[in-house]
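# Architecture at a glance
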Amino acid sequence: MPRRLPRPWLLSLVAIVLAGCATAPDAPADRPAPSLPRIVAHRGGTGDAPENTLQAIRAALAHHADAMWLSVQLSKDGVPVLYRPADLSALTDATGPVAARTAAELARVNVGWRFKTTDTQGKDAYPYRGTPAGIPTLRAALRILPADMPVILDMKSLPAAPLARAVARVLDEDGAWSRVTLYSTEAAYQQAFAAYPQARLFESRDATRARLLRVLLGQGCEDPPAAHSAAAFEMHRVFTVTEKFTLGTGQSQVDATLWTPRTVACFRRQPGVRLIAIAVNDAADYRRAACLGMDAVLADSPERMARIRAATDPASACAAPRVD
């Protein structure tokens, strides 16, 4: 959903939009070539297979993803399972909330029901209607992943405390705390995981968004994130600017590029800060992320991004791309 901003931000946001339209600058001769960002499989690789399924995870591993980003909710019987939307009908052949079914029942739901591809004749095809893909547990996913692969768990249900306790139990029993970082758009999870000193969390989305906008609007970098923390946000984000008039309101949409040299420099003021650019799905944004020095990109299709990475020369990643 577009973010709403008051009118005084409008003119400043125009500058952000223009910055997003500019090509990446050439790297100075004395600057080392950037390292290529790691590829994080979004929801296990939602562009290549039904999201958050074991099938998607296995495909992402085959395409050399460097890390997994998985969405977690709580089943009726208190088991952390991998599913993103609020209702099963969004992706599956079932209806109702995840919390209304047990983990065993969810395993029999076909989360690939709406996964669509194109056949050789260019027609829509639904390959998983004949070969169902169930909703897996978090434990099952962790056990098929390499022990040294980083995993990002995106907490997707409220209230936060029950899911945090259930996830912590799995991580305890599987000895997985060291490879897991926790993320959520809900700030309640910062408090819910505070009881677990071994938990590693991304800073809250609100804090990341506010800092990005303050820097872009020329308000300085007064509160860089703590050393060895992690932050993630979209490379591009649509904001809705609301203008208030005497007789009503008007709205305008602004497409802003939020990761820039200035914002990255702010986030990098302390050592060891890890940065992920969300929704990087094409070669131009991957080159931009490389030039900015992002640690990783969150991509829908590890298969496609593996090809893009293989074709990207670190030495020329900061050169302005050709206009075909």
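Residues numbered from 1 in each chain as written. Predicted model: local features only at pLDDT ≥ 70, side-chain atom pairs only at ≥ 80, totals over all residues. Heavy atoms only, no water.

Under an unreviewed UniProt entry, the name given to the chain is Glycerophosphodiester phosphodiesterase, and the organism recorded is Bordetella bronchialis.

Looking now at the environment of V98. Within the fold, V98 resides in the loop between β4 (80-82) and α3 (103-107). Judged by relative accessible area, which is 0%, V98 ranks as buried. Aside from chain neighbours lying at most four places away, what touches V98 is Q73, L74, S75, K76, V81, Y83, A86, L88 and L106. (Helix = DSSP H or I, 4+ residues; strand = E, 2+ residues; numbered from the N terminus. Buried < 20%, exposed > 50% of the residue type's maximum accessible area, 1.4 Å probe, protein only. Contact = heavy atoms within 4.5 Å.)

Let us look at the packing of aromatic side chains. The full count for this structure, using the stated rule, is 8 aromatic pairs. Measuring from ring centre to ring centre gives 4.8 Å for W69 and Y183, while their planes differ by 55°; the resulting arrangement is tilted. Of this pair, W69 sits in strand β3 (residues 67-74) while Y183 sits in strand β8 (residues 180-183), and the two are 114 residues apart along the sequence. The pair W69 / Y183 is uniform in exposure class, with both members buried. Relative to F202, the ring of W69 has its centre 6.3 Å away and its plane inclined at 55°; by these criteria the two rings are tilted. Here F202 lies in the loop between α6 (188-192) and α7 (205-216) and W69 lies in strand β3, a separation of 133 residues in the sequence. Using a relative accessible area of 2% as the deciding quantity, one classes W69 as buried. Feature note: the residues W177, Y189, F193 and Y196 constitute an aromatic cluster, connected by ring pairs. Lying across the ring of W113, R129 places its NZ or CZ 4.3 Å from the centre. The ring of F267 carries R211 above its face, with NZ or CZ at 4.7 Å from the centroid. (Phe/Tyr/Trp six-rings, centres within 6.5 Å; stacked < 30°, edge-to-face > 60°. Lys NZ or Arg CZ within 6 Å of the ring centre and 35° of its normal.)

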